[in-house]
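Okay, here's what each chain looks like letter by letter:
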2 protein chains.
Amino acid sequence: MSLAIKDDEIDVVIGALRSDLTSFMNEWRPMFSRFHLIIVKDPDLKEELKIPEGFNLDVYKKPDIDQVVGSSTAIIFSGYSCRYFGYLVSRKKYIISMDDDCLPARDNKGFLVDAVAQHITNLATPATPFFFNTLYDPFSEGVDFVRGYPFSLRSGVKCAFSCGLWLNLADHDAPTQALKPGQRNSRYVDAVITVPVRALVPVSGINIAFDREVVGPALLPALRLAGEGKFRWETMEDIWSGMCVKVVCDHLGLGVKTGLPYVWRNDRGDAIASLKKEWEGVKLMEEVVPFFQSVRLPREATTAEDCVFEVANAVKEQLGSRDPMFARAATAMLDWVKLWKSVGSSSSSPRV
Amino acid sequence: MSLAIKDDEIDVVIGALRSDLTSFMNEWRPMFSRFHLIIVKDPDLKEELKIPEGFNLDVYKKPDIDQVVGSSTAIIFSGYSCRYFGYLVSRKKYIISMDDDCLPARDNKGFLVDAVAQHITNLATPATPFFFNTLYDPFSEGVDFVRGYPFSLRSGVKCAFSCGLWLNLADHDAPTQALKPGQRNSRYVDAVITVPVRALVPVSGINIAFDREVVGPALLPALRLAGEGKFRWETMEDIWSGMCVKVVCDHLGLGVKTGLPYVWRNDRGDAIASLKKEWEGVKLMEEVVPFFQSVRLPREATTAEDCVFEVANAVKEQLGSRDPMFARAATAMLDWVKLWKSVGSSSSSPRV
């Protein structure tokens, strides 16, 4: 029932928004050292990266990005969006990606959580989007389907996306963070859940994993706030991208899981200062959510590329005139699909 | 945002399938003693009930049932279905119901769980069926909506139903229980989740609470297996009833929560012996689930009574010819709605 995922089928992608990765990399060493890493330096970052020895990795910087992206002016890889460049140039089947301000978390018993291993388990075991199991993930150890769960749905479907969570600093928006500056998440919920089909979810890009071959094209840097900054609460790119992933997975009959693994998110940034920028993103959601709730893809769309192409055209048509940000997002999505195909189909490695 | 639910708005309903309730009642005393209890004796049970002193309660037995139900031959209150008689004759706004083989559970820190208090919290705080919150119930202490959750959906909707879970003996069907006789649930998942709109869920009747005024008519003893027995894995009445509740709540814009509180379920029964009976229920689900997934209620159905009436007619029409059990379930549902109206509208108490 469960897939065997090999270490060399995985790239761990890190977007470097800060120059000194020493403590980040050293803390993650026990989990990361078996894997190939892709580090993408935020093109806005001036200082040289500091990366400790002992990892198998490739680093991509602004010149690499410029060479691959070429003429598209819609796709912008700065800030948190630099990670998407890593997704683009990876040649692996699976991607695991962590923000550079996260550290390994501890579970309820005080044991260090191997977030990489948990993401692999999430992707290797089926998802169950068509019926909710009250005891959560039936493929977790010691768990099964509860009475009443139809046998015909127990084999589940392929899981294409795994969204992990965060202890300490929860992923609030700027208004919530400003309103409750002292609030920290200390609740370790020992569960993995398949988000049911047609239910939308705010996917945070902080701690995620996915099947790049299957849904990679749907993870894209498209919605860029005018005042986007270098803190998560100043961005919406991952939320937009997460809606695309969910809609694409629903259409293709794939599963999206959320829950374990947790990472520990460190505090940084000033939410009050960010408030000026982030209200914009909060207001946009009121238009974004009804759009993604109602968008329907044609039966002919059978790949993630097809689906993203269709969603982009629907964005252009239905949202494009409401806000120039949406029109730009649609263009970025169309450019991204082209770029994905050209980079993916080129026989030579895109590395320079 | 949260409702104030008073103790005298609640009935705790216990279906007594065993005669000696002494240890059950004594273990639950700290949680139950503030509330009015309704105990319904399984009409198949011959021995006198043993109930310890010190509770405010009413007991209903076979003669009470016969008098109220009158001529309906479709509704059968024996076995686990005896509890529904308590739902029918209650005059309270809320019902909390526990199986008589459950005891209070302990949480991850070893503290006794007040399941009644947690159910009240679940019903008193809004549900969020239209968008999934990755950090689970945003109305739990220390939790909030995550970035990207639309503000327009943050007020949520009224929660009408709360499904609690079980430690120790999980609620498996007979085949699973027979296959994994030693498996016990020890995973305490510290979360409450709103089941998203249009997602179906196998609601177990073991440990539940609901707003009787709003969805009471949808909790009904309708689907009775030919070989129904006195163990949960030999029954389907609660699963069927749960599907009705979910479909009704989705139609009326109400919420269904699952998760906390846990209860401790004691072992009893022989799954292998039950296997002969319960395969039937397992097979039925393959027809039941597609039916409930596709049933649509007319806009004119604005109360739970209306909705159950519509579902019953759809059952008769779409499933009635497939299996006589479905035809009987449809009749029982129609009789139930009539009974609910007549008992509810009668000015004199139905107690005898």
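Residues numbered from 1 in each chain as written. Chains lettered and ligands numbered in written order. Predicted model: local features only at pLDDT ≥ 70, side-chain atom pairs only at ≥ 80, totals over all residues. Heavy atoms only, no water.

Trainee: Help me understand the relation of the copies chain B and chain A in this model?
Mentor: Comparison of the two chain copies shows a relationship of rotation about an axis with a shift along it. Mapping chain B onto chain A calls for a rotation angle of 180 degrees and an axial translation of 0.0 Å; the resulting RMSD is 0.0 Å. The symmetry that links the two subunits is that of a two-fold axis. Relative to the rotation axis, the C-alpha of Val189(B) is the closest in chain B, positioned 2.8 Å from it. Of the interface residues in chain B, 100% have counterparts in chain A that sit at the interface too, so the contact is made through matching surfaces. (Least-squares fit on C-alpha atoms with pLDDT ≥ 70 in both. Contact = heavy atoms within 4.5 Å.)

Trainee: What am I meant to see in helix H3 (residues 82-89) of chain B here?
Mentor: For an α-helix the count is 3.6 residues per turn, leaving residues at separations of three or four pointing the same way. Taken across its eight residues, H3(B) has eight buried, putting it largely inside the fold. Taken residue by residue, H3(B) has Cys82(B), Arg83(B), Tyr84(B), Phe85(B), Gly86(B), Tyr87(B), Leu88(B) and Val89(B) as its buried positions. (Buried < 20%, exposed > 50% of the residue type's maximum accessible area, 1.4 Å probe, protein only. Helix = DSSP H or I, 4+ residues; strand = E, 2+ residues; numbered from the N terminus.)

Trainee: Explain the side chain of Asp238(A) to me, please; I cannot follow it from the model alone.
Mentor: Inspection of the secondary structure assignment puts Asp238(A) in helix H7 (residues 237-252). In this structure the side chain of Asp238(A) is engaged in a polar contact, spanning 2.7 Å, whose partner is the side chain of Arg147(B). Leave out the neighbours within four places in its chain, and Asp238(A) touches Tyr84(A), Val203(A), Ser204(A), Gly205(A), Arg232(A) and Arg147(B). (Polar contact = N/O pair within 3.5 Å; in protein donor to acceptor, adjacent residues only side chain to side chain.)

Trainee: Would you mind going over the side chain of Lys41(A) with me for this structure?
Mentor: Residues and elements named next belong to chain A. Looking at the secondary structure, you find Lys41 in strand S2 (residues 36-41). Buried and unpaired, Lys41 has no salt bridge, with Glu48 as the nearest side chain of opposite charge at 4.4 Å. A polar atom in the side chain of Lys41 sits 3.5 Å from the backbone oxygen of Leu45. For Lys41, the side chain forms a polar contact with the main-chain oxygen of Glu47, separated by 2.9 Å. Contact partners of Lys41, with chain neighbours within four places excluded, come to Ala16, Lys46, Glu47, Glu48, Leu49, Tyr60, Lys61, Ile65 and Cys82. (Lys, Arg positive; Asp, Glu negative; His and termini not counted. Salt bridge = Lys/Arg side-chain N within 4 Å of Asp/Glu carboxyl O.)

Trainee: What exactly am I supposed to notice about the pairing of strand S9 (residues 255-265) of chain B here?
Mentor: Along a regular strand, successive side chains alternate from one face of the sheet to the other. All names here are of chain B. Of all eleven residues in S9, ten are buried, a share of seventy percent or more. Bridge count for strand S5 (residues 102-104) against S9 is three bridges, and the pairing is antiparallel. Residue pairing for S9: Cys102 is matched across the bridge by Arg265. Examined bridge by bridge, strand S6 (residues 159-168) and S9 share nine bridges and lie parallel to one another. Counterpart to Ser162 in the pairing with S9 is Lys257. (Pairing = 2+ DSSP bridges.)

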